[in-house]
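Analysis of the macromolecular model
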Amino acid sequence: MVKNPFSPARILLVDENITFLTMLSEALQIRFERLEIISCTSGRAALLKVEVLELDAIVCNVKLPDMDGLSFLEAVQYRQPALPVLLVASYDDGYLVSKTAQYGAYDIVHKPIDWDLFEASLGSAIYIRQIERLRNQITQQQSQAYNLSLLEGIKVLVVDDDRSSGEMQSASLRSCGAEVRTAESVRSALEVLQDFEPDLILSDIRMPYEDGYSLVRKLRRGSVGGCGRVPAIAITAYAQEEDRRHSLQAGFQLQMAKPIDPKTLALTVANLTGRIS
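Values in this document were obtained by computation on a predicted structure and should not be read as measured data. (Residues numbered from 1 in each chain as written. Predicted model: local features only at pLDDT ≥ 70, side-chain atom pairs only at ≥ 80, totals over all residues. Heavy atoms only, no water.)

1. Looking at the nonpolar core
Spelled out, the test is: Grouping buried Ala, Val, Leu, Ile, Met, Phe, Trp, Tyr and Cys residues that are joined through side-chain atoms within 4.5 Å yields what is termed a nonpolar core. The rule is simple: take the accessible area with a 1.4 Å probe, protein chains only, and divide by the maximum for that residue type; under 20% is buried, over 50% is exposed, in between is partly exposed. Only DSSP runs of H or I with at least four residues qualify as helices, and only runs of E with at least two residues qualify as strands; both kinds are numbered from the N terminus onward. Two residues qualify as a contact provided that any one of their heavy atoms is within 4.5 Å of a heavy atom in the partner residue.
Leu150, Leu151, Val156, Leu173, Leu202, Ile233 and Val269 are the most contacted members of the largest nonpolar core, which totals 26 residues. Listing elements by their share of this core, those giving two or more residues are helix H5 (115–137), strand E6 (155–159), strand E8 (200–204), strand E9 (232–236), strand E10 (254–257) and helix H11 (262–272). Not counting the four nearest positions on each side in its chain, leucine 173 is found in contact with Leu151, Val156, Val158, Ala178, Val180, Leu202, Leu265 and Val269. Counting 25 residues, the second-largest nonpolar core is a separate cluster that includes Ile38, Ile58, Ala75 and Leu96.

Take a look at the structure:
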């Protein structure tokens, strides 16, 4: 399993069941490093925390004693629009779950919890939140000088059957100092990996013969020597919720939609490789 190298993160857990809160908190402390956890047993108490704290993610039961998940989600988006909210639901909460998904819940976590998928989804949400924060902190005047050496010494493998798309991503990374190798298929990527040890892999999903899911599954199974724990970003032109879930299940840390903003890509690679936090 790839360790999550994001900077110290603060998340808010919301559930009226104290026993479940304790269990969830303990499970997350085991699975994540550098995680500060704050717990609340009601929606109103949680919204007070949202107003005064800088949070990276919220994990909330879709049913609360004082409001439902939809009302809570709308209230959070009003206060912090970019704050990702993961809702925990039972399978009999179908109607409410469908409504919250329409209103921008980052993910729906069903009970009993699939811990590996939950870890991947929460980690993805935290990455995105922190990368967006970094992006906003770097002014336009700072960015050119900052980016010149941001990825110096970082090795990246870019896998994309669309040559122009792959070249654009590669050029963007090289402009920040990264050493980049490219491949146009899973087969050619595996050949490159025989003598190239990347710090990160950037892979398109939709490719002929074998797709990006196949590539990252082989990495995570240890089929490619030394690459089992290398962070990987999924690239797709079809940014659907189902694609993101499949990406996380396969073993990617993040999914990004084409066209990719060069500055966001550079910061994402720097964050996932531990260059910045």
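Next comes the rest of the account.
2. As for the confidence of the model for the chain
We apply this condition: Confidence of the predictor at the level of single residues is captured by pLDDT, which takes values from 0 to 100.
The pLDDT averaged across the chain works out to 86; a share of 90% of its residues lies at or above 70. Put simply, helix H6 (residues 140–148) is where the chain has its lowest mean pLDDT, 55, and E6 is where it has its highest, 96.

3. Side note on the packing of aromatic side chains
The cut-off we apply is this: Centres within 6.5 Å are what make two rings of Phe, Tyr or Trp a pair, Trp counting through its six-membered ring; a difference in plane orientation under 30 degrees is then read as stacked, over 60 as edge-to-face, and the rest as tilted. Think of it as a cone above the ring: NZ of Lys or CZ of Arg counts as a charge over the ring if it is within 6 Å of the ring centre and within 35 degrees of the ring normal.
Across all of its chains, the model carries one aromatic pair by this definition. One Lys or Arg, lysine 111, reaches over the ring of phenylalanine 20 and ends 4.5 Å from the middle of that ring. A cation over a ring is seen here: arginine 244 above tyrosine 106, with NZ or CZ 4.1 Å from the ring centre.

4. Some thoughts on unusual backbone geometry
With omega at -5 degrees, the peptide bond leading from lysine 111 into proline 112 counts as cis. With an omega of -10 degrees, the peptide bond running from lysine 258 to proline 259 counts as cis. With respect to the helices and strands, the residue proline 259 is situated in the loop between E10 and H11. Notably, arginine 34 is not glycine yet its phi reads approximately 55 degrees, a positive angle. Looking at the element boundaries, arginine 34 is found in the loop between helix H1 (18–31) and strand E2 (35–40). Exposure remark for arginine 34: the relative accessible area of 41% places this residue in the partly exposed category. We note that tyrosine 209 has phi near 70 degrees; this positive angle belongs to a residue other than glycine. With respect to the helices, strands and loops of the structure, tyrosine 209 is situated in the loop between E8 and helix H9 (212–220).

5. Side note on the packing of helix H7 (residues 163–174) against H11
Rules: Axis definition: a line fitted to C-alpha atoms, limited for helices to the stretch in contact. Angles are taken between N-to-C directions and run from 0 to 180 degrees. Geometric relationships in this document are graded by angle, where less than 35 degrees denotes roughly parallel, more than 145 denotes roughly antiparallel, 65 to 115 denotes roughly perpendicular, and other angles denote oblique. When the near helix sits turned anticlockwise from the far one by under a right angle, the crossing is termed left-handed; a clockwise turn instead gives a right-handed crossing. Any residue that is not Ala, Val, Leu, Ile, Met, Phe, Trp, Tyr, Cys, Pro, Asp, Glu, Lys or Arg is counted as polar, Gly included; the first ten are nonpolar and the last four charged.
Between H7 and H11, the least distance of the axes is 10 Å, while the angle of their chain directions is 65 degrees. Considering the angle they form, H7 stands roughly perpendicular to H11. As H7 runs across H11, the sense of the crossing is right-handed. In contact with Gln169, Ser172 and Leu173 of H7, H11 contributes Pro262, Leu265 and Val269. Among the residues forming the contact of H7 with H11, the class breakdown is four nonpolar, two polar and no charged.

6. Points about the sheet that holds E6
Strand pairing in a sheet is mediated by backbone hydrogen bonds. Such pairs are either parallel or antiparallel. Test applied: Pairing between two strands is assigned when DSSP locates at least 2 bridges connecting them.
Taken in spatial order, the five strands make up an open sheet running E7-E6-E8-E9-E10, and their pairing is parallel. A single partner strand is all that each edge strand has here, and the edge strands are strand E7 (179–183) and E10. Looking at each pair of strands side by side, their axes are set apart by 20 degrees on average, direction ignored. Taken together, the four bridges between E6 and E8 define a ladder with parallel strand orientation. Pairing of valine 158 across the sheet is with leucine 202, part of E8. Contacts from H7 reach E6, E7, E8 and E9 within the one sheet, and its direction differs from that of E6 by about 170 degrees.

7. What about the pattern of salt bridges?
This is how it is decided: For salt bridges, the criterion is a side-chain nitrogen of Lys or Arg within 4 Å of an Asp or Glu carboxyl oxygen.
In the structure shown here, the tally under the stated rule is 15 salt bridges. A salt bridge links arginine 79 to glutamate 51; its shortest N-O distance comes to 2.9 Å. Taken together, the residues arginine 79 in helix H3 (residues 69–79) and glutamate 51 in helix H2 (residues 43–52) connect sequence positions 28 residues apart. Of the residues examined, glutamate 51 reaches a relative accessible area of 49% and is grouped as partly exposed. Ionic pairing is found between aspartate 56 and arginine 133, a salt bridge with its closest N-O pair at 3.1 Å. Here the residue aspartate 56 occupies a position in the loop between H2 and strand E3 (57–61), and arginine 133 occupies one in helix H5, the gap between them amounting to 77 residues. Residue aspartate 56 is classed as buried on the basis of its relative accessible area of 4%. Each of Glu54, Asp56, Arg129 and Arg133 takes part in a single network of salt bridges with overlapping partners.

8. A look at the side chain of serine 172
Within the secondary structure layout, serine 172 lies in helix H7. Taking the relative accessible area as the measure of exposure, serine 172 reaches 12% and is therefore buried. When neighbours within four sequence positions are excluded, serine 172 is seen to be in contact with Pro262 and Leu265.

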